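# Report on the structure
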Amino acid sequence: MSSPRLILIDGSGYLFRAFHALPQLSNEHGEPTGALFGVVNMLRAHIAQKPEYLAFVIDAGGKNFRHEMFPAYKANRPPMPEDLRAQVEPMLAIVAALGIPVLRIPGVEADDVIGTLTCQASASGIDVTVSTGDKDLAQLVDKHVHLVNTMSNQKLDEAGVMAKFGVRPDQIVDYLALMGDKVDNIPGVEKCGEKTAAKWLAEYGSLDNVMANADRIGGKIGENLRAALGQLPLSRDLATVRTALTLDLRPEQLVATAPHTEDLRALYTRYGFRAALRDLDAASGATSDASTPAAKIVAPTTPAAHVEEAQALPEAPAETRYEAVMDVETLQAWIARLSAASVFAFDTETTSLDAHQAELVGVSFACEAGHAAYVPLGHRAPGTPAQLDLDATLKALKPLLESRDHGKIGQHGKYDMHVLARYGVEVQGYRFDTMLESYVWNSTITRHDMDSLAMMYLGVKTIPFEQVAGKGAKQISFADVGLTEAVAYAAEDADVTLRLHQALRPRLESVPSLCKIFDEIEMPLVPVLARMERTGVLIDAARLRTQTYELRKRMHETIERAHASVGHSFSLDSPKQLQAVLYEELKLPVLAKTPTGQPSTNEDAITYLAEHHELPRLILDYRGFAKLVSTYTEKLPEQINPRTGRVHTSFHQAVAATGRLSSTDPNLQNIPIRTEEGRRIRTAFIAPPGFKIVAADYSQIELRIMAHLSEDSGLLDAFAHGEDVHRATAAEVFGVARDQVSGDQRRAAKAINFGLMYGMSAFGLAKQIGVGRGEAQEYIGRYFTKYPGVRGYMDSVRERAHRDGYVETVFGRRLHLREIHSRNQGLRQGAERAAINAPMQGTAADIIKRAMLDVDAWLQPLHADARLLLQVHDELVLEVRENCVNEISEGLRVRMGRAAELRVPLLVETGSGDNWDEAH
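Residues numbered from 1 in each chain as written. Predicted model: local features only at pLDDT ≥ 70, side-chain atom pairs only at ≥ 80, totals over all residues. Heavy atoms only, no water.

A count of helical and extended segments in the protein chain gives 37 helices and 26 strands. Viewed in the frame of its principal axes, the protein chain has a C-alpha envelope of about 90 × 75 × 65 Å. Of all 920 residues assigned to the protein chain, the portion counted as buried reaches 53%. Restricting the contact set of the protein chain to residue pairs at least 6 apart, pairs at least 24 apart contribute 68%. For the protein chain, the separation between the mean place of its 99 positive charges and that of its 119 negative charges on side chains is 3 Å. (Helix = DSSP H or I, 4+ residues; strand = E, 2+ residues; numbered from the N terminus. Buried < 20%, exposed > 50% of the residue type's maximum accessible area, 1.4 Å probe, protein only. Contact = heavy atoms within 4.5 Å. Lys, Arg positive; Asp, Glu negative; His and termini not counted. Charge placed at Lys NZ, Arg CZ, Asp CG, Glu CD.)

Quick look at the structure:
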């Protein structure tokens, strides 16, 4: 006979985790419901298990005995978000209506109540499940107690704690004390993370023994340990969950009562929980009201911001079958199955995240939810059975993978396309990418990696890579993972990718403009970017080495000037020494402080101080030189691919909320061009013999988009007649004839044109152009007098943002504004500024993506003569054969100019040269 069971629910923990993990929801009254939605689903899952005993434990708030031990305990915690605070009482009302005992005991924390009840229940022969996501409670685990994270389906028994944290449950308190806790403000050993804490405890067994052997631990971390010895006992005490509180109840009293059906029905109806309402009515024999408004996903909880009705998580497949393909017959059967499917998901497993270096280890497929296969091709773990021949398998798969008629689904499939291309397989028919489906649906609601999407849209906790390959220094290559683990991991990737597509595609189809963005811009762009990444760009490493030498010389000279400016030496790389020199010695004003209350030495603060003393200017120069060296002149030569002799950046579509592309490894979109030193770096991006670098750049594209959106007659006329808009603005603002506008006045007008477009205040404008705030405000007034349509557009877009919770580009891409109804004025105003700017930045991003598609299609037959290399915001960079430069330049102007039909013409400027800098 099994033992009775007690489930203790960490209500405080789940409320916070649900708030941050799930989409922002609101009901028809605009009340936030996202955290409620998550907690209610979790509670229903526990009730369905019918435990003998059950309780919902939540913090009572206020100070407790730990604050008496350590007044700074939890001092760094920010206040509870307003939208979360509003859900606490409704949550308690739902818990009570469900008949679940609620424990909220003043003076102690929920963890201590859970700890005490766990200890009492275990002593009485009751098995205990602690439902939590909090690692602190892992110290309670023993043979009668385990943790379960209902949101991730993760269960931790004694072996699970050891596997997850690298320490036994009885070592968790010592583990927490060594690491400290920034959230709770528990001091630990500086720079001691999970690996170090686990290593010390594995070697010495306990915190006391670690402290006793502190002198034997070398290096900086040993110094940090010895410096922390005086506070570690306190940290351990703070981290220890109390298990002997005096409570007025016993575990045996925690029996759930029958739910209060009418109260629950009223609550579920009010908060739009249709699935819960249907289950409630089915259990009671009633009929649910189909007219009950569902909760709505919003960005964030705004009364009218409607993105979608909250959908219940799709049902999991009735069974999951993941199989290894180990023979030709099974492979052929799968090829036939995939060929008969309308679309199928695929994924590769490799030895590296660098697609240009990675070796193929295996391929997985799925065309039916819950049924997937993994074809291992390069596993080398001891005992691995014979695998299919890699070349023969790819030859068999090649017709299917290269067929345009067989649709493919991937998750960040550009990577897989790169890998397969290196093995002679050019993937065609790539129709759906779940990362991009999520990104187009809502670019701000979550991260777009598979693990995050699986949790959000499927309620599935996927197998993390670290679970099969380890982590840190002990992580092994996927080629060394055992076959059983590899099949479970790899086949799940394909299965989940297919299921994500099935969940996300209907959402996109419900909003035609978003579906069009996905089908006509984002997906067709994937192979274009793949070709650009594969082509890479030629780098003059010798020139960069020369620049490194010269920049380091400039850095040394700047250090000497900085020392001379104050009369002694100090480190320009040390924030602490800079604080002492700037604020204590020079007595410069403190503009901003760090989170710990120290005067800030960040770039904004130093830039402000540059008006008061020479030293801040020298610090900025030094940092600029140092960044160029570390990021570009030293780093780029190291990133030249030995096989191709080129640098291959990675372009990312699903990062910037506005739709702009970003670039990493290396980032080639942020090379500074406002300084001579930054521009020199572009001289190292060269054309091979017989070719030129051609650059094509949109002129003032965001101002032109503003003219289109605002329909301001002054802006429309200026662009229609080819006028210099900045000069025209300067003439109006400064009251001079256009031919009398000075260079400084034009630069100030340019700052006004772009600054107001980005929502700049009079204070910000005054600072940028070096005038008083009153004078800047006067300039703004004159600007809006000249361009009243711009003011009207700004006002209307703010109204739409508050009404809808999002704004749109010309082509229908949406940017959701999470803080548009925040009670925090700063956050709300930031969202309003984003509302004004996002349609312009997003439309510019859409336009150049459309241009890239047109240009790429035109260049494909001419690949030997012209190749796209880079996209940098509003600019395309190409490699063009010398005798084709004029033809290609003209073709670029035509195709980029027709990428959008606006009320003003799109002007494209081109240039060419032996390197990127000369092309400007």
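With that out of the way, let us pick up the packing of helix H19 (residues 450-458) against helix H21 (residues 483-509). For any two helices packed against each other, the geometry comes down to the angle between their axes and how far apart the axes lie. H21 packs onto H19 with a crossing angle of 55° between their chain directions and a minimal axis gap of 10 Å. As the angle between them shows, H19 and H21 are arranged oblique. In the crossing of H19 with H21, the sense of the turn from one axis to the other is left-handed. Residue-level inspection shows Met 450, Leu 453, Ala 454, Tyr 457 and Leu 458 of H19 in contact with H21, the latter providing Asp 493, Val 496, Thr 497, Arg 499, Leu 500, Ala 503, Leu 504 and Arg 507. Looking at side-chain class alone, the contact of H19 with H21 contains 9 nonpolar, 1 polar and 3 charged residues. (Axes fitted to C-alpha atoms, helices over the stretch in contact; angles between N-to-C directions. Parallel < 35°, antiparallel > 145°, perpendicular 65-115°, else oblique. Left-handed = near helix turned anticlockwise from the far one by under 90°. Nonpolar A, V, L, I, M, F, W, Y, C, P; charged D, E, K, R; others polar.)

This part is about helix H32 (residues 743-757). Compared with an ideal rise of 1.5 Å per residue, which puts 15 residues at 21 Å, H32 spans 21 Å between its outermost C-alpha atoms and is within 8% of the ideal. Residues of H32 that are buried: Gln 745, Ala 748, Ala 749, Ala 751, Ile 752, Asn 753, Gly 755, Leu 756 and Met 757. Residues of H32 that are buried in the fold lie against helix H29 (701-710), helix H31 (725-734), helix H33 (762-769), helix H34 (773-786), helix H35 (788-804) and helix H36 (825-859). (Expected span 1.5 Å × (residues − 1).)

What holds strands together in a sheet is hydrogen bonding between their backbones, with the strands either parallel or antiparallel. Pairing within the open sheet is antiparallel, and its 4 strands lie in the order E24-E25-E21-E26. Each having just a single partner strand, strand E24 (866-872) and strand E26 (908-913) make up the two edges of the open sheet. Direction aside, the axes of adjacent strands within the sheet are offset by 20° on average. Looking at chain direction, strand E21 (residues 691-698) and strand E25 (residues 875-881) are connected through 7 bridges and run antiparallel. (Pairing = 2+ DSSP bridges.)

Burial analysis of helix H5 (residues 88-97) places 7 of its 10 residues in the buried class, the great majority of the element. Of the positions making up H5, those classed as buried are Val 88, Pro 90, Met 91, Leu 92, Ile 94, Val 95 and Ala 97.

Within this structure, the stated rule accounts for 46 salt bridges. Across the pair Glu 614 and Arg 561 runs a salt bridge, and its minimum N-O distance is 3.6 Å. Remark: Arg 561 occurs in helix H23 (residues 541-566) and Glu 614 occurs in helix H26 (residues 614-633); sequence separation between them is 53 residues. Glu 614 sits in the partly exposed class, given a relative accessible area of 42%. (Salt bridge = Lys/Arg side-chain N within 4 Å of Asp/Glu carboxyl O.)

Within the largest apolar cluster, 122 residues are counted, with the highest numbers of intra-cluster contacts made by Leu 582, Phe 685, Tyr 698, Ile 847, Ile 888, Leu 892 and Met 896. When residues in this core are grouped by element, the largest group, 14 residues, is from H36. Each residue touching Ile 847, except ones within four places of it in the same chain, is listed here: Tyr 698, Ile 701, Ile 705, Phe 811, Ala 899, Ala 900, Leu 902 and Leu 906. Counting residues in hydrophobic clusters, the runner-up holds 63 residues, among them Val 427, Phe 432, Met 450 and Ile 517. (Core = buried A, V, L, I, M, F, W, Y, C linked by side-chain atoms within 4.5 Å.)

Their axes nearest at 10 Å, the elements helix H17 (residues 413-422) and helix H22 (residues 512-535) cross at an angle of 50°. If you check the angle between H17 and H22, you find them oblique. By crossing handedness, the relation of H17 to H22 is classed as right-handed. Packed against H17, whose contacting residues are Lys 414, Met 417, His 418 and Ala 421, the element H22 presents Val 526, Pro 527, Leu 529, Ala 530, Glu 533 and Arg 534 at the interface. Considered class by class, the residues forming the contact of H17 with H22 number 6 nonpolar, 1 polar and 3 charged.

Counting buried positions along E24 yields 7 of 7 residues, so the element is predominantly enclosed. In terms of strand pairing, E24 meets E25 through 6 bridges, oriented antiparallel. Paired with Ala 866 across the two strands is Val 880, which belongs to E25. Between E24 and E25, which pair antiparallel one after the other, the connecting turn spans 2 residues, and His 873 there sits at a positive phi close to 60°.

Turning our eyes to something else, we now look at the confidence of the model for the protein chain. On average, residues of the protein chain score 88 in pLDDT, and 95% of them are at 70 or above. A low-confidence stretch, residues 287-311 (pLDDT under 50), is modelled with 77 contacts involving residues beyond four sequence positions or located in other chains. (pLDDT = per-residue confidence, 0-100.)

Direction of pairing for strand E14 (residues 407-410) relative to strand E15 (residues 430-433): parallel, over a ladder of 3 bridges. By the bridge assignment for E15, Ile 409 is matched with Phe 432. Crossover E14 to E15 through H17 is right-handed. (Right-handed = clockwise from strand over helix to strand, strands pointing away.)

As summarised here, the arrangement of the 6 strands in space is E4-E3-E1-E5-E6-E7, forming an open sheet in which the pairing is mixed. Sheet topology places strand E4 (102-103) and strand E7 (154-156) at the edges, where each strand pairs with a single neighbour. Inspection of the sheet shows strand E1 (residues 5-10) paired to strand E5 (residues 127-131) by 5 bridges, in the parallel sense. Paired with Ile 7 across the bridge in E5 is Thr 129.

The next subject is unusual backbone geometry. Put simply, Asp 665 and Pro 666 share a cis peptide bond, and its omega is 0°. As for its position among the elements, Pro 666 is in the loop between strand E19 (662-664) and helix H28 (676-682). Phi angles above zero are rare outside glycine, and Lys 191 is one such case at about 70°. One can find Lys 191 in the loop between helix H8 (172-179) and helix H9 (194-204). When its relative accessible area of 70% is taken as the criterion, Lys 191 is described as exposed. One non-glycine residue, Lys 587, lies in positive phi territory at about 60°. Relative to the elements of secondary structure, Lys 587 occurs in the loop between helix H24 (575-585) and helix H25 (603-609). Among the residues examined, Lys 587 registers a relative accessible area of 64% and is labelled exposed.

Mapping Gly 472 onto the fold places it in the loop between helix H20 (465-469) and H21. Measuring from C-alpha to C-alpha, the distance between Gly 472 and Lys 195 comes to 8.4 Å, with 277 residues separating the pair along the chain.

Counting through the fold element by element, Tyr 204 comes out in helix H9. In sequence terms Tyr 204 and Thr 843 are 639 residues apart; their C-alpha atoms lie 60 Å from each other. Residues contacting Tyr 204, with those up to four places away along its chain left out, are Asn 209, Val 210, Asn 213, Arg 216 and Ile 217. Within the local environment of Tyr 204, its side chain forms a polar contact with the side chain of Glu 203, the two groups lying 3.4 Å apart. (Polar contact = N/O pair within 3.5 Å; in protein donor to acceptor, adjacent residues only side chain to side chain.)

In this section: the packing of aromatic side chains. Applying the stated criterion across every chain yields a total of 15 aromatic pairs. Taking the centre distance of 6.0 Å and the plane angle of 65° together, the rings of Phe 344 and Phe 365 count as edge-to-face. Taken together, the residues Phe 344 in strand E11 (residues 343-350) and Phe 365 in strand E12 (residues 360-368) connect sequence positions 21 residues apart. Phe 344 sits in the buried class, given a relative accessible area of 0%. (Phe/Tyr/Trp six-rings, centres within 6.5 Å; stacked < 30°, edge-to-face > 60°.)

Among the secondary structure elements, Asn 753 is positioned in helix H32. Note on Asn 753: relative accessible area 1%, which makes it buried. At 3.2 Å, the side chain of Asn 753 forms a polar contact with the side chain of Thr 729. Ignoring any residue separated from it by four or fewer positions in sequence, one finds Asn 753 in contact with Leu 703, Val 725, His 726, Thr 729, Tyr 783 and Tyr 787.

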